[in-house]
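One letter stands for each residue in the lines below.
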Amino acid sequence: MNTKRIYRLCREEGLIVRTQQRKKMARRERSPRPVATRANECWSMDFVSDKLAHGRSFRILTVADQFTRECVWLETNRSMTGTKVVTALRKACMERGSAPVSITCDNGSEFSSKALESWALDHEVRLCFIRPGRPVENGFIESFNGRLRDECLNVSWFHSLTDASRKLAHWRTHYNEQRPHSALDDRAPSVFARLHQQQSETRFALKTVNKASVNPGHGFASPAKAALDPGRHLPEDDLYEGEALKRIAQTRDSILSIWSNCKTHETGLRGP
């Protein structure tokens, strides 16, 4: 008996055990994902797992801002469902003041649930699903999860779920307010967000001081007069006009004398 004979006999008797087909996923849009150009525009979310002191596992929902690199929210629970994800996103939106334009996530059952889809439609949030097996397409949250594990999860001892929530909230405050980020010119994410907001408010601010005055500036003609008569004219002052004409005449005489000297020198070089 070998594998080929067993396979042949099973085929003849119709005893083939069909493998379970993979569940078909809902249709996802394949258009390019939006690029974040301001704060609170594009978010990324994912899950991180860890264990308590007695060995019980728990999960952490991580949400990060793609532009400012801020940690938007950290939600801990023993198990996460689509409804719990919606609850966490509502808290994050209340803290940030508004919902984002888009959220990038993977194809997990929590993110593809009807509860999250309904919330996204109500708040006009675009859910951008990455391709299966391509976590690099959600690199912002993958990088954040690495920092979270190295700086908090691997160096902390959690006695309970409440203790884990408290320590994670403390680390989130430190990450947003004090920890320098290399992608933000070694600034903290919150500092970078405030600086960018100030620059955005003053970038297109125009000074209105003395802008409505109809009088021309010193040494310049009025715009209307310059547009209608672009030619150069002498002032109407008689004394200034006479002085200007005198200078023009002297300049013309000096040019004529230089020209005559050049011609005389050229004639002398040629000879009779």
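Since we're looking at a predicted model, the values are computed, not measured.

A. Quick peek at the overall build of the chain. Regarding its fold elements, the chain presents eight helices and five strands. When the elements of the chain are put in sequence order from the N terminus, they spell out α-β-β-β-α-β-α-β-α-α-α-α-α. When the 272 residues of the chain are sorted by exposure, 31% land in the buried category. Contacts in the chain between residues at least 24 apart in sequence constitute 58% of all its contacts with a sequence separation of at least 6. When the accessible surface of the chain is split by element, carbon and sulfur atoms take 53% of a total near 19,800 Å².

B. Summary view of the pattern of salt bridges. The full count for this structure, using the stated rule, is 12 salt bridges. A salt bridge links Arg179 to Glu151; the shortest N-O distance between them is 2.9 Å. Of this pair, Arg179 sits in the loop between helix H5 (161–177) and helix H6 (189–203) while Glu151 is found in helix H4 (residues 139–151), placing the two residues 28 residues apart along the sequence. The partly exposed category is assigned to Glu151, whose relative accessible area is 31%. Notably, a salt bridge pairs Asp163 with Arg166, separated by 2.5 Å at the nearest N-O pair. With Asp163 and Arg166 both in helix H5, this residue pair falls three residues apart, about one helical turn. Residue classification places Arg166 among the exposed residues on the basis of a relative accessible area of 54%.

C. Seen up close, the pairing of strand S4 (residues 102–105). Where burial is concerned, the two faces of S4 agree: the one with Ser102 and Thr104 and the one with Ile103 and Cys105 are both buried. The pairing of strand S1 (residues 42–51) with S4 spans three bridges and is parallel. Bridge pairing in S4 places Trp43 opposite Ile103. Note that S4 and strand S5 (residues 126–129) share four bridges and pair parallel. Directly across from Ile103, in S5, lies its bridge partner Leu127. Where the polypeptide runs from S4 across helix H3 (residues 114–122) and back to S5, its parallel neighbour, the crossover connection is right-handed.

D. Expanded view of the state of the cysteines. For the structure on display, the rule yields zero disulfides. Lacking any disulfide linkage, Cys42 is separated from the closest cysteine sulfur, that of Cys128, by 7.3 Å.

E. Layout of the packing of aromatic side chains. Enumeration according to the criterion identifies six aromatic pairs in this entry. The interplanar angle of 45 degrees and the centroid separation of 5.8 Å between the aromatic rings of Phe67 and Phe192 together place this pair among those described as tilted. Note that Phe67 is positioned in the loop between strand S2 (57–65) and strand S3 (71–77) and Phe192 in helix H6, a separation of 125 residues in sequence. Of the two residues examined, Phe67 and Phe192, each falls in the buried class. Relative to Tyr175, the ring of Trp171 lies with its centre 5.1 Å away and its plane at 25 degrees, an arrangement referred to as stacked. Taken together, the positions of Trp171 and Tyr175, both in helix H5 and four residues apart, correspond to about one turn of that helix. Judged by its relative accessible area of 3%, Tyr175 falls in the buried class. Grouped by ring-pair contacts, the aromatic residues Phe144, Trp171 and Tyr175 constitute a single cluster. For the cation-ring pair, Arg59 lies above Phe47, with the distance from its terminal atom to the ring centre recorded as 4.2 Å.

Conventions adopted
Residues numbered from 1 in each chain as written. Predicted model: local features only at pLDDT ≥ 70, side-chain atom pairs only at ≥ 80, totals over all residues. Heavy atoms only, no water. Helix = DSSP H or I, 4+ residues; strand = E, 2+ residues; numbered from the N terminus. Buried < 20%, exposed > 50% of the residue type's maximum accessible area, 1.4 Å probe, protein only. Contact = heavy atoms within 4.5 Å. Areas by Shrake-Rupley, 256 points an atom, 1.4 Å probe, with all protein chains shown as cover. Salt bridge = Lys/Arg side-chain N within 4 Å of Asp/Glu carboxyl O. Pairing = 2+ DSSP bridges. Right-handed = clockwise from strand over helix to strand, strands pointing away. Disulfide = S-S within 2.5 Å. Phe/Tyr/Trp six-rings, centres within 6.5 Å; stacked < 30°, edge-to-face > 60°. Lys NZ or Arg CZ within 6 Å of the ring centre and 35° of its normal.

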